[in-house]
Number of protein chains: 2
Amino acid sequence: MSNSKFKYEEIIESIKHKISTNVYKDNDPLPSETALCAEYGASRITVRKAISVLLSEGHLYSIQGKGNYIKNVKKNKFSMRYSCKTIFNNGYDEAKLISSSLVTPDVYMVYNLNIAPNERVVALKWLIYEDGLPIAYDEKYLPYFAGINISEKSLKYKDFSDLVKNKISVYEMYQDLRIKGVNADADVAEKLRIPVGSILMLVELNVYDQSGLPFGWGKLYILPDKTRFFARTE
Amino acid sequence: MSNSKFKYEEIIESIKHKISTNVYKDNDPLPSETALCAEYGASRITVRKAISVLLSEGHLYSIQGKGNYIKNVKKNKFSMRYSCKTIFNNGYDEAKLISSSLVTPDVYMVYNLNIAPNERVVALKWLIYEDGLPIAYDEKYLPYFAGINISEKSLKYKDFSDLVKNKISVYEMYQDLRIKGVNADADVAEKLRIPVGSILMLVELNVYDQSGLPFGWGKLYILPDKTRFFARTE
DNA sequence: CAGTGGTCTAGACCACATT
DNA sequence: ATGTGGTCTAGACCACTGG
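If you're wondering where the values come from, they're calculated on a predicted model, not measured in any experiment.

Peer 1: Explain the relation of the copies chain B and chain A to me, please; I cannot follow it from the model alone.
Peer 2: Turning one copy of the chain about an axis and sliding it along that axis gives the other copy, so a rotation and a shift relate them. Aligned on chain A, chain B shows an RMSD of 0.1 Å; the corresponding rotation is 180 degrees and the shift along the axis is 0.0 Å. What the superposition gives is, in effect, a two-fold axis relating one chain to the other. Looking at the rotation axis and the C-alpha trace of chain B, the residue lying nearest is Ser79(B), at 2.2 Å.

Peer 1: Explanation requested: the nonpolar core in the structure shown.
Peer 2: The nonpolar side chains of a soluble globular protein tend to be buried, and buried together. Counting residues in each nonpolar core, the largest one holds 88 residues, and the members touching the most others are Leu220(A) and Leu220(B). Beyond its immediate sequence surroundings of up to four residues, Leu220(B) is in contact with Tyr82(B), Ile87(B), Phe88(B), Ile128(B), Ala136(B), Tyr137(B), Asp138(B), Tyr157(B), Met201(B), Leu202(B) and Val203(B).

Peer 1: Hey, could you run me through the protein's contact with DNA strand C in this one?
Peer 2: Taken together, the neighbourhood of DNA strand C is formed by 26 residues, with Lys7(A), Tyr8(A), Ser43(A), Thr46(A) and Arg44(B) sitting nearest. Considering the 4 Å shell around the protein, atoms of DNA strand C inside it are sugar or phosphate in 71% of instances. Here a phosphate oxygen of DNA strand C sits 2.3 Å away from a polar atom, N or O, in the side chain of Thr46(A). In the model, a base nitrogen of DNA strand C is placed 2.7 Å from a nitrogen or oxygen of the Arg44(B) side chain. Counting only elements with at least two residues in the surface near DNA strand C, the list comes to helix H1 (7-20) and helix H3 (44-56) of chain A together with helix H2 (33-40), helix H3 (44-56), strand S1 (60-63) and strand S2 (67-70) of chain B. For the surface near DNA strand C, the leading source of residues is H3(A), giving 4 residues. A per-class count over the surface near DNA strand C returns 6 nonpolar, 12 polar and 8 charged.

Peer 1: For this particular structure, what's the right way to read the pattern of salt bridges?
Peer 2: Opposite charge on two side chains allows them to pair when their charged atoms are near. On inspection of all chains with the given rule, the structure shows 20 salt bridges over all chains. Arg232(B) serves as the salt-bridge partner of Asp176(A), at 2.5 Å between the closest nitrogen and oxygen. Within this pair, whereas Asp176(A) is found in strand S7 (residues 173-183), its partner Arg232(B) is found in strand S10 (residues 229-233), the two belonging to separate chains. For Arg232(B), a relative accessible area of 36% puts it in the partly exposed group. Residues joined in a network through salt bridges with shared partners are Glu33(A), Arg44(A) and Arg48(A).

Peer 1: It is not clear to me how the interface of chain B and chain A should be interpreted in this structure. Could you clarify?
Peer 2: How big an interface is tends to be expressed through the accessible area that disappears when the partners come together. Each partner contributes residues to the interface: chain B has 41 residues there, and chain A has 40 residues. Interface of chain B and chain A: buried area, both sides summed, is about 3,700 Å²; carbon and sulfur atoms make up 57% of it. At the surface where chain B touches chain A, the tally comes to 2 salt bridges. Taken together, the links from chain B to chain A amount to 14 residue pairs in polar contact (both at pLDDT 80 or more). At the level of secondary structure, the elements contributing two or more residues to the side of chain B that touches chain A comprise helix H1 (7-20), strand S3 (77-81), strand S7 (173-183), strand S8 (199-209) and S10 of chain B. Considering each element in turn, the side of chain B that touches chain A owes the most residues, 10 residues, to S7(B). Within the side of chain B that touches chain A, the residues separate by chemical class into 20 nonpolar, 11 polar and 10 charged. Here strand S3 (residues 77-81) of chain A runs beside S3(B); their pairing, made up of 5 bridges, is antiparallel. Its bridge partner lying in S3(B), Ser79(A) is registered against Ser79(B).

Peer 1: How should H2(B) be read in this particular structure?
Peer 2: Residues three or four positions apart in an α-helix share a direction because the helix packs 3.6 residues into each turn. All names here are of chain B. All of the buried residues along H2 are Glu33, Leu36 and Cys37. End-on view of H2: buried residues confined to an arc of 105 degrees, all on one side of the axis. Of the exposed residues in H2, those oriented more than 90 degrees away from the buried face are Thr34 and Ala38. In this structure, the buried residues of H2 make contact with H3 and S2. Trailing H2 by a residue or two, glycine 41 shows a phi angle of about 60 degrees, which is positive.

Peer 1: Where do I start with the pairing of S3(B) in this structure?
Peer 2: Regular strands have side chains that alternate between both faces of the sheet. In this sheet, S10(B) lies alongside S3(B) in antiparallel orientation, the contact comprising 2 bridges. From the neighbouring strand, Phe78(B) faces S10(B), where its bridge partner is Thr233(B).

Peer 1: Just to check I follow, could you spell out the packing of aromatic side chains for this structure?
Peer 2: Each aromatic ring pair is characterised by the separation of its centres together with the angle its planes make. For the coordinates displayed, the defined rule picks out 18 aromatic pairs over all chains. Judged by centre distance (5.4 Å) and plane angle (20 degrees), the ring pair of Tyr61(A) and Tyr69(A) falls under stacked. An angle of 85 degrees between the planes, with centres 6.1 Å apart, marks the rings of Phe78(A) and Tyr82(B) as edge-to-face. Here Tyr82(B) lies in the loop between S3 and strand S4 (94-103) and Phe78(A) lies in strand S3, a pairing that spans two chains. Classification of Tyr82(B) by relative accessible area gives buried; the value is 10%. What links up through ring pairs into an aromatic cluster is the set Phe88(A), Tyr92(A), Trp126(A) and Tyr157(A). Above the ring of Phe160(A), the side-chain terminus of Lys140(A) is found at 5.7 Å from the ring centroid.

Reading guide: rules and limits
- Residues numbered from 1 in each chain as written.
- Chains lettered and ligands numbered in written order.
- Predicted model: local features only at pLDDT ≥ 70, side-chain atom pairs only at ≥ 80, totals over all residues.
- Heavy atoms only, no water.
- Least-squares fit on C-alpha atoms with pLDDT ≥ 70 in both.
- Core = buried A, V, L, I, M, F, W, Y, C linked by side-chain atoms within 4.5 Å.
- Buried < 20%, exposed > 50% of the residue type's maximum accessible area, 1.4 Å probe, protein only.
- Contact = heavy atoms within 4.5 Å.
- Near = heavy atom within 4 Å.
- Polar contact = N/O pair within 3.5 Å; in protein donor to acceptor, adjacent residues only side chain to side chain.
- Helix = DSSP H or I, 4+ residues; strand = E, 2+ residues; numbered from the N terminus.
- Nonpolar A, V, L, I, M, F, W, Y, C, P; charged D, E, K, R; others polar.
- Salt bridge = Lys/Arg side-chain N within 4 Å of Asp/Glu carboxyl O.
- Buried area = accessible area lost by both parts, 1.4 Å probe.
- Pairing = 2+ DSSP bridges.
- Arc of directions from axis to C-beta.
- Phe/Tyr/Trp six-rings, centres within 6.5 Å; stacked < 30°, edge-to-face > 60°.
- Lys NZ or Arg CZ within 6 Å of the ring centre and 35° of its normal.

In C-alpha cells, the structure reads:
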C-alpha cells in the first residue's frame, strides 16, 4: 500500500487519502498535533514536518491556538512563465529599439503609473523581428524617477524585471500581467505592416514595488500566430 | 534594522539580503548548516527551518551530501486562476448544453486524448450566454472510459476538474492550459452569431492523470471583449 | 574517510483561543 | 485553566558526496 520511505511521508499520504475519500471534509479540523503523534506513533516534530508540507501545498490551513483545518484543493490554480525570451513561439532574431524618449504622460500613463500629469515618463519602444519581418511591437513606460538612462546605447531588449533590477530589489517587486485579444489600431498596424483591424495579442504588464507604487507599465502586441500562452496546474 | 520577530526569520532576512547584495551569487554554496548555526547562534533545527522556507520560495536548492546552493530568483513565474466561474469578465447568465453524444474521434481528438481511432469519445458542447446573447462556445471531449454519463440530465456547465472528480482524485490530476487568438470558423461563427473570421480567444485545456494519461480535452471560444486573463508573480 | 544534508527523537516555553 | 499551534533547544543516526 504505502510507497513512502519516511514516516512523515506516510503521514502526508494518509492525510491526503482521508481528504480524497472524504473522511476529512472541507474546513474539518484535523486532529490535534498531539493526537496525530499518538495516531502515527511519531514525535511532534515529525507530525509538524508532515503538516508543514500539507500547508505549503495548500491542503491545510492553520489557526494558532485553534487547530489545523482541511482546505479543499481547488484545481484551478495555474502557473505560467512569462519572459521576452519565451513568449515567442520560435524566439526572435532581433529586437530594434525604435525610440527612447522622455514624454508627457497621456491619461493611460497617468492611470497605470499613478503619476501626476506634470511628471515625465520614460518611453521605450521596440520592434521585434523574425526572418526580417516584424512580429511584435513593445512599448514600455517608466516613471522618470525609476532612474533609467534613456541615452544608454546598450538598451537591449529585456524584461521589465531586468530593466529595473538595479533600482529595485527583486524581493520588493511584483508584476501583474493581462492578456487580451485586440484589433490593431493605425499606429500599431503600420509598425507591424498589417491591415488596420487585424487581430493581435496584447500582453500588458504592470510592475510594482512592495508598497504598491507602480514602477513600470508595458504593452506588447504580438501577431497571434507567433505566440502562445501556456500554463499548468501546480 | 531587523523587523523580524523570530530567529529563523532573521536568518531568512539575512540570507536574502546577502543574495540581493551579491554577497551570495547564483549557484554559490550556502555555508553549511553547522556553519550557519555558529554564525547565527541558532540550533540546526532553527537554521533548517529558515532554509526550508528559502527552499520552498525557490531561493535555494539542495544537493544531499553536498550542500545548499543559491538559486537566483527569476521573476518570471506568474500564477493565474482559471475556472468557468471566473473566466468571464461579467460572469454569465446561463449555459446551455447544446449536445452530448458519443462520437468517432477526428485526428485532433486522437491526438489530444491519445486514444485509438476505433475508440469512442464523449463530446459535450455548451453555449454560454450573457444578456440573452451567446458570448462563448465550449467543447469538451473525454475518452469513453472516463465514465461520464452523457444521458445525465444534470450536466451542468462546470470545470473539467469537477466533471471528472468522481473518476479521478484531484491529487492525481494535472491540467495544461493554452491561450491563443484565433479567427472564427464557420461552425463557431454561426453558433456565436458573429461573422466568419472574427477574432476569438481560444482557451484549450488538456487534463491528465498522474501517469500522463489524457482524461479530457476542451476548447473554449470566447468573444475577446468578454474575457481577460490575469496573472500575478508569486 | 570526513563532511554534508535528511530524518527523527524528547522536552521546553511561548502566544493565542476557548471555556 | 486548558488545549492548541509556533518556536527553539541538544543530540542522535542515516544516506549521500567527494577526495
